[in-house]
Amino acid sequence: MPLHRLLYTSEARLSDNASGADLMVESIVAHSQANNEKRGLTGALLYVRGTFIQALEGPLDALENTFERICHDFRHARLTLVDMSPASERMFERWSMTYLAQNDEPARLLVNRDLEELYFTVSTNAAEAMRQMRGLLLGEGKKPALEVV
Ligand SMILES: Cc1cc2nc3c(=O)[nH]c(=O)nc-3n(C[C@H](O)[C@H](O)[C@H](O)COP(=O)(O)O)c2cc1C
């Protein structure tokens, strides 16, 4: 079965209260990891500005099947499929599903900025967005333009 990869965005419909929203995300990620592992799928889920950005890759039948279920999930809405193409190799082979979101920790300033940039790249260049996702997850976040020594 040929390898395919898709990228989509959606508006999160999470609980208004922060700890409820965290629990919802934890549950999504835990189920995704268990299911994807069984189905040979790998990928990444980002959360920026109330938007989910998810890359998912694997055998076409498993990918289509899972995406169908994702599309019907009430925890998000207004899904936009940004890209779906054959792939010669995996980009997210390390993760059955990994999750990255903006947060308030000062140490996360660069990651937050990169996530913000990705949010805009997704709508203009899907391939570049997925490269940036991979780089970010591998800890290749950009260095500050001006380093104070
Ligand atoms: C943003 C988002 C991403 C999701 N990603 C996945 C995924 O990668 N794999 C998966 O199996 N389910 C994913 N889900 C969950 C599915 O929509 C669905 O709830 C789940 O597959 C049902 O699994 P279960 O039959 O084990 O309960 C995602 C849901 C949301 C809201």
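To keep things clear, this report deals only with the structure shown in the data block. Since we're looking at a predicted model, the values are computed, not measured. (Residues numbered from 1 in each chain as written. Predicted model: local features only at pLDDT ≥ 70, side-chain atom pairs only at ≥ 80, totals over all residues. Heavy atoms only, no water.)

A short note on the site of the ligand
Taken together, 17 residues lie around the ligand, and S32, N35, N36, R69 and D73 are the ones closest in. Within the side chain of N36, one N or O atom sits 2.8 Å away from a nitrogen atom of the ligand. One nitrogen or oxygen atom from the side chain of R69 is found 2.4 Å from an oxygen atom belonging to the ligand. If the ligand stood free it would expose 620 Å²; the protein chains cover 80% of that surface. With respect to the detected pockets, the ligand is housed in the largest pocket. Listed by contribution, the elements that provide at least two residues to the shell around the ligand are helix 1 (18–39), strand 3 (51–59) and helix 2 (60–71). Top contributing element to the shell around the ligand by residue count: helix 1, with 5 residues. The residue inventory of the shell around the ligand, partitioned by class, reads 7 nonpolar, 7 polar and 3 charged. (Near = heavy atom within 4 Å. Polar contact = N/O pair within 3.5 Å; in protein donor to acceptor, adjacent residues only side chain to side chain. Areas by Shrake-Rupley, 256 points an atom, 1.4 Å probe, with all protein chains shown as cover. 1 Å grid on protein atoms, 1.4 Å probe; cavity = no way out; pocket = protein on both sides within 12 Å on 5 of 7 lines; lining within 4 Å. Sits in = over half its atoms within 2 Å of the grid points. Helix = DSSP H or I, 4+ residues; strand = E, 2+ residues; numbered from the N terminus. Nonpolar A, V, L, I, M, F, W, Y, C, P; charged D, E, K, R; others polar.)

A few points about the pattern of salt bridges
For the structure on display, the rule yields 8 salt bridges. A salt bridge links R131 to E128; its shortest N-O distance comes to 3.1 Å. One end of the pair, R131, and the other, E128, are both in helix 4 (residues 126–137), 3 residues apart, so they sit about a helical turn from each other. Classification of E128 as partly exposed rests on a relative accessible area of 25%. Taken together, the shared-partner salt bridges in this structure form one network comprising E11, R13 and R78. (Salt bridge = Lys/Arg side-chain N within 4 Å of Asp/Glu carboxyl O. Buried < 20%, exposed > 50% of the residue type's maximum accessible area, 1.4 Å probe, protein only.)

Remarks on the sheet that holds strand 4 (residues 76–86)
Read across the sheet, 5 strands follow the order 4-1-3-2-5 without closing on themselves; strand pairing throughout is mixed. Each of the sheet's edge strands pairs with one partner strand only, and the pair in question is strand 4 and strand 5 (98–101). Averaged over neighbouring strand pairs, the angle between their axes works out to 15° when direction is ignored. Note that strand 1 (residues 3–12) and strand 3 share 9 bridges and pair antiparallel. Among the inter-strand pairings, E11 is bridged to a residue of strand 3, identified as T51. (Pairing = 2+ DSSP bridges. Axes fitted to C-alpha atoms, helices over the stretch in contact; angles between N-to-C directions.)

A few points about the layout of surface pockets
As a volume, the largest pocket reaches approximately 340 Å³. Lining of the largest pocket is provided by 17 residues; of these, I28, S32, I70, D73 and R75 occupy positions nearest its centre. Mapped by element, the contributors of at least two residues to the lining of the largest pocket are helix 1, strand 3 and helix 2. Per-element accounting of the lining of the largest pocket gives the leading share, 5 residues, to helix 1. Residue composition of the lining of the largest pocket, grouped by class: 7 nonpolar, 7 polar and 3 charged. (Points joined across faces, edges and corners; volume = space filled by probe spheres on them.)

Structural notes on the side chain of S10
Secondary-structure assignment places S10 in strand 1. Residue S10 is classed as buried on the basis of its relative accessible area, which comes to 2%. Among the polar contacts listed, one links the side chain of S10 to the side chain of H76, at a separation of 2.9 Å. In contact with S10, other than residues within four places in its own chain, are G50, T51, F52, H76, A77, R78 and L79. (Contact = heavy atoms within 4.5 Å.)

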